[in-house]
Structure formats: C-alpha cells, structure tokens
Amino acid sequence: MLMSTSTIPPAAVNAAVCRAISRIAPVWPLQDFVAVNPFLGFANRNLTDTALQIGRATGARVVMPPSFYAGLIEAGRIKDQDLAAARAELGPLSCLPLEPPAIAALACSVGEEPAMERSPSVAALAESVTRVAWEQIVTDRLSAWAAGYFDQGQAVWSSPWQQLPPFAAWKAEARRDRTASIWGLPGFRALVQALPDSAEATIHEALHRLGVSELALDAYFDRLLASIGGWAAYARQLLWQQELRGGDDETLPALLAARLTWEVALLEGLDQPQLRAAWAEACATLSEPPGAAAKSEPLALQTLLQTAYERAWQRDLAARLDHKVSPAGNRPRPAVQAVFCIDVRSEVFRRALEAETREVETLGFAGFFGFAVSFRTAGAATATDQCPVLLAPQYRVGEAGCGHRHAAPAGPAWQAFRRSSVSAFAFVETLGLTYAGKLIADGLAALTGKAQLPETGQNLDLSAIPADHRAELAEGALRGMSLTRGFARLVLLAGHGASTRNNPHARGLDCGACGGHSGAPNARLAAAVLNDPAVRETLAERGIAIPADTVFAAGLHDTTTDELDLLDTARIPGTHADDLRRLTGWLARAGQRCRAERATGLGIEARANADRAILARSRDWSQVRPEWGLAGCAGFIAAPRVRTASLNLKGRCFLHSYDWRQDDNFSVLELILTAPVIVASWIVLQYYASVVDNRTFGSGNKALHNVTAGLGVLEGNGGDLRTGLPWQSVHDGKRLVHEPLRLTVAVEAPAEAIGSVIARHPSLQNLLDNEWIHLLTLDDAGQVQHRYRPGGEWIAFETSRRDCSAMPELSDAA
C-alpha cells in the first residue's frame, strides 16, 4: 500500500471538494434542456487562465486554432485596428510582437496548436502499463451506474437501489459488479466492501492511500471529475436546484468518491512497480501550479486573436447602429403592440411584421413575461417550471381541472417496450406490417402536416396567485418592457416554442426564458392577469393607466415554422374581432417573409416552395436540422426599438426594449443586467464552447445519439453523458454556421447608472472584468459611445464611420 508522507487536514480536503464542485457547470435533463455556460465556474478568471485549467483537466481547447483566425485576417474580417486594440489589452509583458502586421504574419505562419496535455490519473497511467483501456472502462461503469440510478422511467429494469443515497447505492451495485475482475483487476469488490459508508470518509481514505498532496487536490479532482464530466454536470444541476430552495445534494461528492475508489483499486490491485513509480512521479506533477504556461506564445496569441475577432464584430455592429433615426415625435396610436421574447429568432419575425404594416409596434422582453411559475396543464401528470433556471418558481399555477386524476394510459408501458434494448427488434418483428402505417403516416406528415398547437381550451386557475401579487407581477412586466403608456387597442404577448419530431434536443429549441419549455403558458397567464379589471385598477393607482379598450392577447411563435398563432381567442371580446382578423393576416404574411429569409440558410433551393419545405422539416423524423435555433447569437441590445427598427440584424442580437427615461431608480436596468443578460451570456457561451471543442463541450454527432435514463444522450452505446449542442446545431456539413464569439451587450443608459449596478453585483463584475461579456453604452442617438474596461473604467468607443457594411456572414475560411 502506498502511504502519504503527511495527512491532509480534513478541512483542506473538504474545501478542495467544494472548489471542484464550484467549477462544474450544470446540465439540465432533456425535458428541461436549456443552454448553460460551460465556463460558469470560471467567471472569476480570464480566458487564458480558464484555457489552462480546463485544458489540464480535459485536454480541451477553449479558443479556436490559429488557422481559424488567420482565415478571418486574410478575408479582411479582422483588421489591423482590431489587432492593435487587442494587443494593447495584453499589456507590456506579453511575449507577442507589438505591431498588427507582425501579429497577422505570426497567426498565418503558426500551424495547428498542439493538444493540451491532461493531468495524470492512475487509470490513464494503468492504460500505458497494461494496454487495457482502464479509463474508458471506469467511465463506462460509472456511467452505467448513474444511468440506472437516475433513470426517469426509460429503463425496463431500473436500479433496485434508487431509494438509497447515491454513494450507498453505488457501493451496493459495485459490490456485485464483476467487470473489474473480468478485465484483470482483482480485489475490486472486496475493496468496495471495506470502504467507509460515507462519501466524505471514502475521499479522505482514498487520498491517503494514493499519497496525493494538498497542493495536488485541485488539479486531481478536476481531472477525475472531467473523466465523468457529463454525469458530474447532471449532478451539479441537482445541487443547483436544491440550492435555489435552500437545500443541499450529495451526488457530486458521491461521484468523486466512486471515481477515487477506482484509482485506489487500480493502484493497489494491479500492484505493478512500473505503475507505482509512474504514479509517484505523477503526484509531483499534479502539485505543480499551472501558471507558468500562462505567458506562453501559442495561447497568448490565440487569446489576442479571439479578442481581435470580437472587436471586429463590435466594430461592425457599431457601424450599423451609426445611422440617423427619425425622432419618435407624436406617433399615432398603434393598432397592435406585439411583445416578443428577446430570443434572437424573434428579431427576424419582428422585422418581418414591421415590414408588413406600420400599424404594429414590436417590443422585446424575457419570454416568461415576468411570471416565474410552475405550470400544470389539465390532464398532465407533472408540472413544468416556466422560468429561467436562475430562478425558482414563485407559484404553482394550472388549468382548471388539472387537479383531477385520470387513469394511467397504456402509452408509457408501450413506449418502454418499444425502447427496451431486449425488445426493440422484437417490437418491429412482432408488429411487422401493422407498424408500417405509423411509419408511412409520420413520413406523409412531414410533407403535409402542421405542428400541433398546445391545447388551450381550459380556463386558467389563478387562485394560487394572491390578488395583490397579480398586480405586482403585472406592474413588473409592464415596467420591465418600458410599456407604461401609449397602449394599443390590442397588445399581443407572443411566447415561443418549436415543433420537431424524433429530436432528443427539441427542448433546446424552446424558450430558454421558460426553462426549456414553450412560452405559451406564460403568455396566456400574463394576458389573463393584465385583462383583470382589479389588476388594472391597482395599476392605475400606481401610475400605469391602461385604456378600457386595450385588450391583451396571447400567442405562440413556432420558431421552426415561423407560424404565430393566437391563443385563447374565444376570450377576446367581440369588440376586437376586426383587430384580431387584421392581426391574423399580418402574422400570416410576416411568417411567409420569415420562411423566405430562412430558406437559404436551411439549404432550401431558391426554386422550392419555402413555406412547404420549412413546414415539412418540422414534421420530418429524419431531419437533423429542423431549424438553426440560436446559432449566430452574439449581441444583446437594450434600448428603445426605434434604435434598431430599420436594421437587419440577421437574427444575431437579443433585443430587449428599454427606455431609461422611464426607469426612475434604474431598477429595470439592474434587472436587465443581472437576469436577461446573464441568460443570454449562457446561451452565447454554450454555442461558443460547442464550436471550439464539441468533443468536450458539445454532444457530438446527432445521428449517433442514444437517449439514456430519459434525461440525456450518449454518443454511441456507451461512454459519458454528453452535454452541450450536437455538431449539427452549429455546422451545416461544410462550414460553421455559428461564430464563436463572447456576448457583446449594448445598453442605452448613462454609464454612471450602469457602473452603479455593476458595483453592487460582484458576480456580474467578474463576468465583465474577465471579458466573458463585453459591455458598450449607447448615447441618446443610439450610437455606441463607451466601452467598459476591467476595473470599472469607461473609455470612448472608436469605430470607423466609413465602414457601414452589413454584418458579414461567416467567411469560407472559417
């Protein structure tokens, strides 16, 4: 037995475990799939330091290879002024040249960067000694246990230990698992049997037996958890959910303890001098700080080039915003005000609707419309959390009658039989031609069908929300979207969702602000509350007078088909029948405009019927790219719509309506910067990471996905749970369709007010100071005025006023 020369204090071990957990970003199950920033645990570090630590743990890259940026330089996307600005940010100690031409030449001359060298582990060293793929075996065994333990009804035979705490459940299964001995590792089950009963005690004992020093803990824990990174991320989500409610969860320590147990088993069970010697040397390597490589030329160059790339995009955005905007003046009352989610896909539809008629004014607001609720549809077995995952639902709301219990349908058992590994082939074999009708129907639906709208025939039961709270929610929503006066006769609240078939990641196309669900319930709920006479009476007392003839209506924008259907129209008074009729026509024609615009990007030939082709994609069970989701997202603009209404932003910007002149105490500004901006940064960084290293941060080839435990996907028939986006979500088979950029936020508000908000929120300041988010201010004319610099400094934004070209598409070189 290899013993350490000193015992690590328990407090130091526990602190290191907590640090390791904090560096793991959560991943939500498929039924609630939302975009998550995989660098969430590194918000207090810059890109270079993050690249070093993640590379050490996973071997992943966090920036694109030099050839990617070289192509952008050669194409003229990145200019000398961008390189000069990025070089200035690195400071005088950088090992790189000072002049842009020399930087460009260096970028074009450097080959592909070498792969990051991962920190050692016993499993990895054992592979080189025994020629057995121990690391893959360990990952597979822990993944198989997790899939059974966390199964949400997919497995026919689920784990018999699901009622036990996670570490106890793992021990119970591992004591019976003969895989280790089959592969030539004796004593594994006896070791597991002798372990302490708690994960904490097992971690302490394992470290002692492995001889790991205190200095090595951070690197070693990161390395081990990265080997089961998908399941660690799922466990982090379980902890996240508990933390929102003031609780705790022990799954992540249990996973770490199980992974450490395998390390001890391999070191002691194989009992090879060569392995022991290699591990002793590895322990010394793990104790070395990673900072020395931070100033290395390759990584410094890539960081500089990434910053220059983002500067170039900001320069293009600023040039587009540098246009003359006619004063709003006394505009006539609009016939309709349509409020859309800030989702980048809404930008395309808003622009199309405004092009269809000048009688519609559009606004942008978070798609849950400020109603953080858990919603249950009548007849549904469970409720869904209809709010961003940053929040906990405040109320449990449902449709009238959802409290009644119904007989359980045969569907779940039927689906279990159909999906089971032992009956999947027997399923088709048994049914034979009787199943052909189903397959043919699915195929024909792709050609002729239309996605089904959610059922909205039931009345909403608002009794869970106290009357005074309804008024507060209504006021918060209206002030949050800067809609406190000038109401139209009809105000449309348009939630959004997506319709696809045979798509495990379908929820990733739904509303991120609604926790990966359709925004229809939130739109319906908000409309019902805002139409409540008692609520309106209270709002009037608070300075928001809604005219008696203003009616709020709910709608659902299907982002896959660009159809926008009105919901609960039977509850709209007859006085507004003509308004509804006209709006329905405008929405239909705007949808056609959107489909025509999106057709080229989806590879639909110009001579094809775009409407028919796009509608077919939503019903085609073989389609791996029913829509592009939020691919291309890069910017966030919080300003009055007049600043962007005449611009084609190509579905690349989140658009939040905001008028700081109506925000007396800047509370709305604070909400925007600490909630929607954070959610948008999560989305942008998930897309970013899924591009720069899809192997680590994405979920690989969609065609190879297998749903496991009903909550995630494996790529193939084993391995770790995959996180992030499929490669098909960011690449069209020939080139990237998403540019890996960090989020650029432009806010029309005084810099002093923005700075005051930042100073009150250290987590936001970390994101800005480490440039995970770039922040610009707009002046009263809507032009970019200042740039935020780390430390709270505001500097003048300089851009070429001559460069007013449209936002460029991603070059072929990219």
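Scroll up to find the structure.
The present account deals with the structure reproduced in this document.

Conventions we followed
Residues numbered from 1 in each chain as written. Predicted model: local features only at pLDDT ≥ 70, side-chain atom pairs only at ≥ 80, totals over all residues. Heavy atoms only, no water. Axes fitted to C-alpha atoms, helices over the stretch in contact; angles between N-to-C directions. Helix = DSSP H or I, 4+ residues; strand = E, 2+ residues; numbered from the N terminus. Parallel < 35°, antiparallel > 145°, perpendicular 65-115°, else oblique. Contact = heavy atoms within 4.5 Å. Nonpolar A, V, L, I, M, F, W, Y, C, P; charged D, E, K, R; others polar. Buried < 20%, exposed > 50% of the residue type's maximum accessible area, 1.4 Å probe, protein only. Pairing = 2+ DSSP bridges. Right-handed = clockwise from strand over helix to strand, strands pointing away. Core = buried A, V, L, I, M, F, W, Y, C linked by side-chain atoms within 4.5 Å. Salt bridge = Lys/Arg side-chain N within 4 Å of Asp/Glu carboxyl O.

Attention now goes to the packing of helix α12 (residues 217-226) against helix α14 (residues 251-270). Contact pair α12 / α14: the axes reach a minimum separation of 10 Å and the direction vectors enclose 95 degrees. Here α14 runs roughly perpendicular to α12, going by the angle between their axes. In this structure, α12 contributes Y220, F221, L224 and L225 to the contact, and α14 contributes L252, L256, R259, L260 and E263. Looking at the contact of α12 with α14 residue by residue, the class counts come to seven nonpolar, no polar and two charged.

Moving on, we come to the pairing of strand β1 (residues 336-341). Taken across its six residues, β1 has six buried, putting it largely inside the fold. Bridge count between β1 and strand β7 (residues 490-497): five bridges; the pairing is parallel. Bridge pairing links V339 to L493 in β7. Pairing of β1 with strand β2 (residues 360-365) involves six bridges; the strand directions are parallel. What sits directly across from Q337, in β2, is E361. As for the winding sense of the linkage, the β-α-β connection from β1 through helix α17 (residues 344-356) to β2 is right-handed.

Reading across from one edge, β11-β10-β14-β15-β16-β17 is the order of the six strands in this open sheet, with mixed pairing throughout. A strand with exactly one partner marks an edge of an open sheet, and here the two such strands are β11 (653-657) and β17 (793-796). Within the sheet, the average angular offset between the axes of one strand and its neighbour, ignoring direction, is 25 degrees. With three bridges connecting them, strand β15 (residues 773-778) and strand β16 (residues 784-789) associate as antiparallel partners. Note that in β16 the partner of L776 across the bridge is R787. Along the sheet, helix α30 (residues 762-769) contacts β15 and β16; its crossing angle with β16, the most-contacted strand, is approximately 100 degrees.

Bringing the nonpolar core into the picture now. The nonpolar side chains of a soluble globular protein tend to be buried, and buried together. Counting residues in hydrophobic clusters, the biggest one holds 191 residues, and the most contacted among them are W170, W279 and F654. Counting residues in hydrophobic clusters, the runner-up holds 36 residues, among them A474, A477, L493 and A523.

Okay, the pattern of salt bridges next. Charged atoms that come close allow side chains of opposite charge to pair. Going through the model one piece at a time under the given rule, you end up with 47 salt bridges. The closest approach of N and O atoms between D177 and R141, which form a salt bridge, is 3.0 Å. In this pair, D177 is assigned in the loop between α8 (166-174) and α9 (179-182) and R141 in helix α7 (residues 134-149), connecting sequence segments 36 residues apart. Linking R589 and E356 is a salt bridge whose minimum nitrogen-to-oxygen distance equals 2.7 Å. Here R589 is found in helix α24 (residues 577-599), whereas its partner E356 is found in helix α17, with 233 residues between them in sequence. One salt-bridge network, held together by shared partners, links R643, D659, R661, E748 and D780.

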